[in-house]
Amino acid sequence: MAIMLRLVQQYLPSHKQQFQALEKQFADLELRGLLPRGERFAPISGREPANTIVWQCRFDSLAAAEKALKQIDDSPEHTELAGKQHPLFQQSWIEFYEVLEY
């Protein structure tokens, strides 16, 4: 069963540029193969406010998604960047979706 993992992050609107600059550094870690490579989205219209970034990545199984989260947690590069970004958060959460393939 394929899984979509979504990390939803809402940041302080007054820190948009700083937050997004740090997010670009996370994307660089992904490009270097140090973290799972996902896609990022910013809402134009919808339920989430404009100060939201959604990172999502598809995995072959829930176990693979959980393994990726462990890889992220174990990454010293991620930990360093997260320490800079977390003070800018309003809130964040993780969502798992089953990919329906009809």
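Cut-offs used in this document
- Residues numbered from 1 in each chain as written.
- Predicted model: local features only at pLDDT ≥ 70, side-chain atom pairs only at ≥ 80, totals over all residues.
- Heavy atoms only, no water.
- Helix = DSSP H or I, 4+ residues; strand = E, 2+ residues; numbered from the N terminus.
- Buried < 20%, exposed > 50% of the residue type's maximum accessible area, 1.4 Å probe, protein only.
- Pairing = 2+ DSSP bridges.
- Axes fitted to C-alpha atoms, helices over the stretch in contact; angles between N-to-C directions.

Caption draft 1: Here's a closer look at the environment of Lys 24. The topology assignment puts Lys 24 in helix H1 (residues 16-31). The class of Lys 24 is exposed, set by a relative accessible area of 63%. A sequence separation of 30 residues divides Lys 24 from Val 54, and the C-alpha atoms of the two residues are 13 Å apart.

Caption draft 2: Region of interest: the sheet that holds strand E1 (residues 3-11). Read across the open sheet, the 4 strands follow the order E2-E3-E1-E4; overall the sheet is antiparallel. With partners counted over all chains shown, the strands left at the sheet margins are strand E2 (39-41) and strand E4 (89-98), one partner each. When the angles between neighbouring strand axes are averaged without regard to direction, this sheet yields 20°. By the bridge criterion, 8 bridges tie E1 to strand E3 (residues 52-59) in an arrangement that is antiparallel. If you follow Gln 10 over to E3, its bridge partner there is Thr 52.

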